[in-house]
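# Overview (structure and organization)
The primary structure of each chain is shown beneath.
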Amino acid sequence: MRIATWNCNSIRSRVDRAVAFLERHDVDVLALQETKCRDDQFPMMPFQAAGYDVAHVGYSQWNGVAVVSRVGLEDVEVGFPGQPGWGEPAEAEARALGATCGGVRVWSLYVPNGRSLADPHLLYKLDWLAALRDAGRGWLADDPGAAVALMGDWNIAPTDDDVWSVEYYAGKTHTSPQERAAFAGVVEAGFADVTREHTPGPGTFTYWDYTQLAFPKRRGMRIDFCLGSPALAARVEQAFIDRDERKGKGASDHAPVVVDVADV
DNA sequence: ATGGTGGAACGTCCA
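Residues numbered from 1 in each chain as written. Chains lettered and ligands numbered in written order. Predicted model: local features only at pLDDT ≥ 70, side-chain atom pairs only at ≥ 80, totals over all residues. Heavy atoms only, no water.

## Concerning the protein's contact with DNA strand B
Worth spelling out the cut-off: We call a residue near a given molecule or strand whenever any one of its heavy atoms falls within 4 Å of it. For this analysis, a polar contact is any N or O atom pair within 3.5 Å, provided that within protein one partner can donate a hydrogen and the other can accept it, and provided that sequence-adjacent residues contribute only side-chain to side-chain pairs. Residues are sorted three ways: Asp, Glu, Lys and Arg are charged, Ala, Val, Leu, Ile, Met, Phe, Trp, Tyr, Cys and Pro are nonpolar, and all the rest, Gly among them, are polar.
Lining the immediate surroundings of DNA strand B are 16 residues, of which Ser 10, Gln 61, Trp 62, Arg 115 and Gln 212 lie closest. Restricting attention to atoms of DNA strand B within 4 Å of the protein, one finds that 71% of them are sugar or phosphate atoms. One of the side-chain N or O atoms of Gln 61 is found 2.9 Å from a base nitrogen in DNA strand B. Classifying every residue of the surface near DNA strand B gives three nonpolar, eight polar and five charged.

What follows is the structure, given as structure tokens:
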């Protein structure tokens, strides 16, 4: 089974690219982030015509996550247990959606950006990741053999090799010790990055800013990951970043990450 | 190059 994750930065403006990506790489399950639409605005028909089912959650023009699958889409869950909200008063955001596809519990996750190190949004990001760590620990306690894939835009570059310039990101979000510790917390709860050994760095990225010719200058970050439970990680055969999807007119600022999981 | 990103309540926020 081939599973993938992609921050599409608006599904309405990139539905053709999304379907072409699924067909180009023969993808079975795709976790999407930043769909930037409400459920009633999601372009379902192109996916259905290509043979896929879709589960989506979106409350506004912000955030929005989906799981697209042609190998089943069961037990859809909006948000994970304990997921913090944002705003005053705090309200749930459309940043997490789980579904069981072909026997794998797939989560599409859009981790809060953080904005700046002094912004309350950074504390929200850290709280959100701590809650995800606790939820993940709970899932594995309930079923140590569960095949779980935590896929999405983590908005964290876990190592210095995951940014084009350590100096450029000094004092900014995505590389701070507290963010890296929050990411490590999810790993310590039992979820390993299953892509890195197949996509070695440095200089291997999944995101490039739209500005300043960052993509052709290869100035990017690795911030999109698939973190697998032990049972899932043991089945990973290969992985790659579809860098070509970042090319050309109308590309998202993120490239998809693709993971091949052996059948049991 | 009278621009310098792009996407979303089409005005201004978000990334």
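Read on, since the account is not over.
## Describing the UniProt feature "site: Interaction with DNA substrate" (unreviewed entry) in chain A
To keep it simple, the criterion reads: UniProt positions are given in the numbering used here, feature names are shortened, and annotations may be inferred rather than shown by experiment. Strands here mean DSSP runs of E at least two residues long; helices mean DSSP runs of H or I at least four residues long; both are numbered from the N terminus. Residues are treated as being in contact if the distance between any of their heavy atoms lies within 4.5 Å.
Sites flagged by UniProt as "site: Interaction with DNA substrate" (unreviewed entry) map to His 254. Locating His 254 in the fold gives a position in the loop between β13 (236-241) and β14 (257-261). Other than its neighbours up to four places away in sequence, His 254 contacts Trp 6, Asn 7, Asp 153, Thr 206, Tyr 207, Ile 223, Asp 224 and Arg 246.

## Considering the sheet that holds strand β12 (residues 224-228)
Going by this rule: In short, DSSP must find at least two bridges between two strands for them to pair. Fitting a line to C-alpha atoms yields each axis, with helices limited to the stretch in contact; the angle taken between N-to-C directions then spans 0 to 180 degrees.
Strand order across the open sheet formed by six strands is β5-β6-β7-β8-β12-β9, with mixed pairing between neighbours. One side of each edge strand has no neighbouring strand; the edge strands of this open sheet are β5 (74-78) and β9 (192-193). Taken strand by strand, helix α3 (residues 120-142) contacts β6 (96-101), β7 (104-110) and β8 (148-153), and its axis lies near 175° from that of β7.

## Description of the sheet that holds strand β3 (residues 53-57)
The six strands are arranged β3-β4-β2-β1-β14-β13 in an open sheet whose pairing can be described as mixed. Looking at which strands have only one partner, the edges of the open sheet turn out to be β3 and β13. Geometrically, the sheet is characterised by an average inter-axis angle of 15° between neighbouring strands, direction not taken into account. As judged from the five bridges shared by β13 and β14, these two strands associate in the antiparallel manner. By the bridge assignment for β14, Gln 238 is matched with Asp 260. Its contacts with the sheet place helix α1 (residues 15-25) against β1 (2-7), β2 (29-33), β4 (65-69), β13 and β14, and it is angled at close to 155° to β1.

## Examining the nonpolar core
As a reminder of what qualifies: What we call a nonpolar core is a set of buried Ala, Val, Leu, Ile, Met, Phe, Trp, Tyr and Cys residues that are connected through their side-chain atoms within 4.5 Å. Think of it in three bands: with a 1.4 Å probe and only protein chains considered, a residue is buried below 20% of the maximum accessible area for its type, exposed above 50%, and partly exposed in between.
In terms of nonpolar packing, the biggest core is built from 27 residues, with Phe 80, Leu 150 and Trp 154 touching the most fellow members. Put simply, the parts of the chain that give this core at least two residues each are β7, α3, β8, α5 (177-188) and β12. For this core, the leading source of residues is α3, giving 10 residues. Beyond its immediate chain neighbours, meaning those up to four positions away, Trp 154 contacts Leu 109, Val 111, Lys 125, Leu 129, Leu 132, Phe 183, Val 186, Ile 223, Phe 225 and Leu 227.

## Some remarks on the packing of aromatic side chains
Selection rule: Stacked, tilted and edge-to-face are the three classes applied to pairs of Phe, Tyr and Trp rings, where Trp contributes its six-membered ring and a pair requires centres within 6.5 Å; stacked means planes under 30 degrees apart, edge-to-face means over 60, and tilted covers the rest. Two thresholds decide whether a charge sits over a ring: the Lys NZ or Arg CZ must be within 6 Å of the ring centre and within 35 degrees of the ring normal.
Considering all chains together, one arrives at 10 aromatic pairs under this definition. With 5.0 Å between their ring centres and 85° between their planes, Phe 80 and Trp 128 make a pair best called edge-to-face. Separated by 48 residues along the polypeptide, Phe 80 in the loop between β5 and β6 and Trp 128 in helix α3 bring together distant segments of the chain. Taking the relative accessible area as the measure of exposure, Phe 80 reaches 4% and is therefore buried. Plain terms: the ring middles of Tyr 168 and Tyr 169 are 4.9 Å apart, the flat faces sit at 85° to each other, and that makes the pair edge-to-face. By relative accessible area, Tyr 169 is classed as buried at 10%. Site record: aromatic cluster; members linked through ring pairs are Trp 154, Phe 183 and Phe 225. One residue, Lys 172, lies across the ring of Tyr 168, its end atom 4.3 Å from the ring centre.

## Quick word on α3
Test applied: One fewer than the residue count of a helix, multiplied by 1.5 Å, yields its expected span.
For α3, built from 23 residues, the straight-helix expectation of 33 Å at 1.5 Å per residue is met to within 8% by its first-to-last C-alpha distance of 33 Å. Regarding α3, its N-cap is Asp 119, as a side-chain oxygen of that residue lies 2.7 Å from the backbone nitrogen of His 121 further along.

## With respect to the UniProt feature "binding site: Mg(2+)" (unreviewed entry) in chain A
The sites that carry the UniProt feature "binding site: Mg(2+)" (unreviewed entry) are, in the present numbering, Asn 7, Glu 34, Asp 153, Asn 155, Asp 253 and His 254. Maximum C-alpha separation among the annotated residues is 12.8 Å over a sequence range of 248 residues, consistent with a single clustered spot. Locating Asn 155 in the fold gives a position in the loop between β8 and α4 (166-169). Its relative accessible area of 5% is what places Asn 155 among the buried residues. Contact partners of Asn 155, with chain neighbours within four places excluded, come to Tyr 110, Val 111, Pro 112, Asn 113, Lys 125, His 174, Glu 179 and Ile 223. For Asn 155, the side chain forms a polar contact with the main-chain oxygen of Val 111, separated by 2.9 Å. Under the relative-accessibility criterion, His 254 is labelled buried at 3%. Reaching out from His 254, the side chain makes a polar contact with the side chain of Asp 224 at a distance of 2.9 Å.

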